[in-house]
Structure formats: C-alpha cells, structure tokens
Amino acid sequence: MSLEYRQRFVDFLGFGLDRFQLDAIEAIDRGVNVLVSAPTGSGKTLVANYAIGRTLERELRSFYTTPLKALSNQKFNELATLYGEKNVGLLTGDTSINRTAPIVVMTTEVLRNMILTESDQLFDLGTVILDEVHYLQDPFRGGVWEEVLILAPGVVQFVALSATIGNAEFLGQWLQSIRGETSVVIEETRPIELHNHFAVLKRGQASAEIGDLLDGERLSEEARRIDNLTKNTRKFRPGPKWHGPKSSVPPPMFRAPRRSELLMAMEDKDLLPVIVFIFSRAACDDAVRQARRDGLLFTGPDERHEITDLAEERLRNFSREDLQALEYSEFLDSLRRGIAAHHAGMVPAFREIVERCFERGLLSVVYATETLALGVNMPARSVALERFSKYSDAGRNFLTSGEFKQMTGRAGRRGLDDEGHAVVCYSPELSLTDVGRVALAPPSDLHSSFRPTYNFTANLMNHFDQETALEVVQRSFAQFEADHRPSGSKRPLTEQLTARWKVLDELGYAEGWKLNAQGQVLRSIYHENDLLIAETIAAGILENLEPAQLAGLLSMFTFQGRKGNKQPAASKQVQARKRATAKDRLGQERRGNLKERSLEITMSAATINEVEARHRVPHAKDPDDGFATTIAAWARGATLGVVLDLADAEIGHTSPGDFVRNAKQVGDLLEQLSRMRHVPELAANAEIAKDLVVRSVVAGF
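Just so you know, these numbers come straight off a predicted model, no measurement behind them.

A. The arrangement of the overall build of the chain in detail. When its secondary structure is counted, the chain shows 30 helices and 22 strands. Relative to the compact-globule value of 27 Å for 701 residues, the chain shows a C-alpha radius of gyration of 27 Å, a close match. In terms of principal-axis extent, the alpha carbons of the chain reach across some 75 × 70 × 60 Å. Within the chain, buried positions represent 55% of all 701 residues.

Below is the structure:
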C-alpha cells in the first residue's frame, strides 16, 4: 500500500523530491519515528503532508502540533485546502473547530493536556507531527514537547520537524531511547543560496552602498578594509584620552544608513521585498512612520486598490470606534505605500492583513521583530538586520548563529528567486569580522529546558507509583543530556520531582504519594503559576465574584509588566485615569473588592514561597495585579479606547496588540477553569467570563 500511495503522492506534486525528503518518506513508510533537521524553507512541510496522507489511508488520525496559535491557524487553512474542510479540525485552547476530524491542528500544549487527561481523542491516533520541535529549548514552554514525547501512547508514530541544529543525531538518540526506532534525516544545504551583505554609507557619498560580506568561506576584501579603517578611526575619536577640541575630530569614514537610505539602496539593487528585523516593537512602528514621513511609495494604483479591499474585507465587523482606537487610517496609509510593521504589539487582525498582503506581493517592506522568524510563512527576497545585537537579561549581546540563521532563513522565495540576500547594517561599534564569523558558524546545539512542574508532578502521582514516576522523569532529554555530560551536572531531575512532591504534601495536596481532592484540581491546571492558582481556588478567593471580577483576578497569574515600560507623566496619568474611570463600568466597590482579593492572592504566594524555600524549589513569577482593573472593565463592556486609557494610567503605555495578547491569556486561563468538573460553580462562572473577555478585537472580529 505504501509504495502505491507514495507514487500517487509524487505524481500529484508534479515535481521531483529532494534526497532528504525521500529519506524521510522512506522512514515513514517503514513505520519508524522521524526527526528532520533542515533549513527554513527547504520543504519539511512536504514530509509532514506525506505522513498525514499515509495515515489517512490507514484510516487513523493525525495531529499536527505547532508552538504558536498563529502557526496553528495558518496550518489549519493550508491543510483544509489540501484535504478538504470536513477532514481538518483546529484546537488552540480558545478555538475548537471540527475537533473529531481525522486531521487536527493544535498547539503542543493542547496535545500534552489530552495525554495527561487520557482523552478519548487519542483512541485512534496514528501520527503526530511535532512542528518546530527545536522549541523544546524554550525556557518557559519547552518542557511541554518532552512531556508529549515521553507520555504519548507507544503506538503513535512521531514526525519531528526542526530548523537546522548541530546535535540532531544526539537528539535522535534520545528519541530512539524513549520512542523506539528513529530515523534522523539531516539537510544542511539551503534550497536557495544565501548571499550575505553589509550596508554602509561612506563619507562623501550621497547614497548607501550594499557590499558583499563574504568571499566564499572568508571575509571579503571590502569588509576587511572597512574594519581596518573603522579601527584606525576609533583611535582619533573623543574618549578618555582625547584632549583636543571636538571640532578638530576627524569625521567618521563610515556611518550606518538611515532607514529610508537603506530601502532606496535595496530598491536600486532589486533586493525588495525585504523583511527588516528590528528588536523593538516601538522601533518597528517608528520605522514605518519615518518611511511615511520621507514619502516612500512602492505601490501602483492597482496594488493600492487591492490592499484597501483586502483590509476592509477583513475588518468589516470592527466598529468605527474600535478602528479609531487602533489608528486604522495610519495603518492603511502605510500599507497602501507598500510598507508595514509586524509584531506582537499589533492586534492579530492587523498582523493577518500584513501577512496576506505580503504573500500576494503587495508589500515591499515589513519591519518585524524576531517573532516573525519563528515560522509564520512570509518569505522575502531579502532580510535586513538593523542591528547585529539585541538586549536580553544578560545585557546586549551579538546574535547567535542559530538566531542569525532563523532570521535569514526568510530570505529567498522558492519558485520566485534564484538566490536570497541577507543585509547587516554597519555600526561603528560592530566588527564585520564578527558578523562573518556568525554567518559562517555551524548551527548551534539544541538543549533541554525541561523541569518537573507541580501539574506534571501531580499527574505522575495520579498515573504511576513513585518508582515508575521517577523513571518517567529520567527519560527526559534533560536527564539524557545530564547523563552524557562529563561532570558538573545540575541537581538530578528525580530530586527536583521529589522536592515538588514534598511541597505538595506539606501544602495539603496529597497524603503520601496519593493525591486528594485538592490535588485532583491541580492536575487540570496547566500554567506557569499552577500551584498558586490551585491555592487560590482552595482558599475560596475566586468564589462569589462577578464574571468580570474573576477575569480581573485571574490576570494576576498571566500578566507581567514589561521592564522599562514608561509610565506617563503624573499629570497625563491623572488625566488618563480620570478619562478612563469615568467610563470603566467598575465603580469603587468593585475596585475595592479586586484590591482586597488580590492582596489575599499575594499572601498565598508568600506562603508557597516559604515552603518552596525549605525544599529548594525555584519560585514561579510573582502575581501582578497591574492588568486587573483593565481586563475587568473590558469584561464589563468598556470600549477599546477606554481600556487602553485605563491601561496607560495603570501600567504605562499599552499598545492595542499588548492589550489583546494579555486579554487572550486571561481567556485561555478562563477556558481551562471552565472545564474543571471538580469546582462546578467556578467553572460555570469562568465560562461566562470567558465570553465577556473574548469579544470584539480580542476575538479577532
């Protein structure tokens, strides 16, 4: 049957397969697990489609998991086009479409939850596609991938798709140890050759220059010359040892091109469309405004008409008031010029419009944060990096080879471009030698971020005896790495699991290794703050609340104020609060109730922290009530403009996209609570609250 199906599949494609695709398909036909490590845009999706089609032929179900809801939505549409709408479902926590279909797209968390609750959806499951499996090193969510791989039924065949990683064979060894025979398929060659460039403006020249960064496997002569001249110029720049007047300082030989100068140079070189990566949402928006101010225009009358039609069709259900709050007229004007931003600070509907316009070839420039590099299908002819470094908790650092490859993987459109282009903007502090070193570096290794959570611990206690539970944890990739490390391994995972069990025992979730009713509630809470949420429920803090107040309190577990989020000046803050509170539909009594109960949650967190400290368990994030009144007002029916004013007054500048993202996180948690049969009254209230939160722009229409 498999050879017959393979022939039909290849005939339908109408083109030959690459060697790595044939190797992966061969492994799928043998019924073994497959790990494919290949560059972005190389055709890994074709392998997934083959596995899904073959599973359909066997009359079994396929689950396609992704790390992001946006990717799940995109994949749902792709597979519905391929296999027919009736055959494809979507599950993303707040969305449920055709959930019993033979092919279901979902976030990886949804599948993990199904496995832990022993859902009957797993009964005839044949294949799981784990897209973007390199996400298992994500510090906050990566453990979910390992939980799925460790606990999924043994009969399930896994097809894991990853960006290029340095230790694919090692990851494959771990997969083989827990899932049985696994074929590792590695492709390192990009389907479209990538050319690396730098962009610089030389003294005395009117326009920016785009030069070759590399000459084969070494830095180009021109890049070396610029490095040497920059180094020599630095000696004569003002600094601790400079004693002369600033006016006598030699002017710099080179400078970074301004944003519009870069775009004009790229247009001259026929390098558009381009995605320009900027590691700041505000800077992406500012770049769009600059391009508009400078009068850049990349579209003709027909394209502008098509863009307008596409945007208005998508937003036809948005109220005029909401569109005004979203600054729609400025957004549309930029789009009509062929320029847009794409980042998490935008409402999802605006991001979708940008993606659709870009896919149709209507945009020439998209300023994006690096989240765009994580899988959204928006290939461009070129990618440009405004800076070669970004801030993290450890300060400002150069991009890693993995980050660089993830972003430049967007360069080059298969079927449209012969080659892709990556452009790094010059900076006086930047050595082009360092850029070349990163561009030529081999892919970085993948490392586990798995740790036992309280929820995972409770589920292991529910399903296994203590000895078996400890064995399950020892099957993690984290433990596999530790076992293969020469020395200095961190605290064993079995110790971490035991420590969490002791915390649960001390706080009254279990008697010995046996969960009680309170422990059963914890089993169904999948969240970074799982234990604190369970404690809040057990203490009755969420009882006898209006749905809007419930939403406000739950935001304490999901919201985290951003560092450096500028508070408005005191006078502006007072004005914004007055303007908002006059229409926020809360009143002093509700606000007072929220404050009282948020204080109780904070005290519960302190109690947990004391117990955790005794057992050397790291604390989860502290609860934050900054968003509570904003989301409560929204659930009470306040308009988008009012809640944005309220958020500005309470927590500092909040973009519409930030508000929607935070509201969706509250909606996801309400969805979880609405399914908790152990607390029926709370579940019913959460169901009502969820509908009040997930409306209008939060629902996406």
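From this point on, the discussion continues.
B. Structural context of the packing of aromatic side chains. Under the definition given, this model contains 18 aromatic pairs. When the ring of Phe559 is compared with that of Phe627, the centres are 5.6 Å apart and the planes differ by 15°; the resulting orientation is stacked. Remark: Phe627 occurs in the loop between helix 25 (587–614) and helix 26 (628–635) and Phe559 occurs in the loop between helix 23 (547–558) and helix 24 (570–581); sequence separation between them is 68 residues. As far as the burial class goes, Phe559 and Phe627 line up, both buried. Their ring planes at 75° and their centres at 5.2 Å tell us that Trp634 and Phe659 sit as a pair that is edge-to-face. Here the residue Trp634 occupies a position in helix 26, and Phe659 occupies one in helix 28 (residues 656–674), the gap between them amounting to 25 residues. Exposure class is identical for Trp634 and Phe659. Each is buried. Among the aromatic side chains, those forming a connected cluster through ring pairs are Phe170, Trp174, Phe477 and Phe480. Above the plane of the ring of Tyr454 lies Arg500, whose end atom (NZ or CZ) is 4.7 Å from the centre. In this structure, Arg695 is placed above the aromatic ring of Trp634, and the distance from its NZ or CZ to the ring centre is 3.6 Å.

C. Layout of the nonpolar core. By size, the foremost hydrophobic cluster in this structure holds 192 residues, and its most contacted members are Tyr367 and Phe659. Setting aside anything within four residues of it in sequence, one finds Tyr367 in contact with Arg259, Leu263, Val276, Ile278, Cys284, Ala287, Val288, Ile339, Ala340, Ala341 and His342. One finds Val32, Ala80, Leu90 and Val159 within the second-largest nonpolar core, a separate group that totals 31 residues.

Analysis parameters
- Residues numbered from 1 in each chain as written.
- Predicted model: local features only at pLDDT ≥ 70, side-chain atom pairs only at ≥ 80, totals over all residues.
- Heavy atoms only, no water.
- Helix = DSSP H or I, 4+ residues; strand = E, 2+ residues; numbered from the N terminus.
- Rg over C-alpha atoms; globule rule 2.2 N^0.38 Å.
- Buried < 20%, exposed > 50% of the residue type's maximum accessible area, 1.4 Å probe, protein only.
- Phe/Tyr/Trp six-rings, centres within 6.5 Å; stacked < 30°, edge-to-face > 60°.
- Lys NZ or Arg CZ within 6 Å of the ring centre and 35° of its normal.
- Core = buried A, V, L, I, M, F, W, Y, C linked by side-chain atoms within 4.5 Å.
- Contact = heavy atoms within 4.5 Å.

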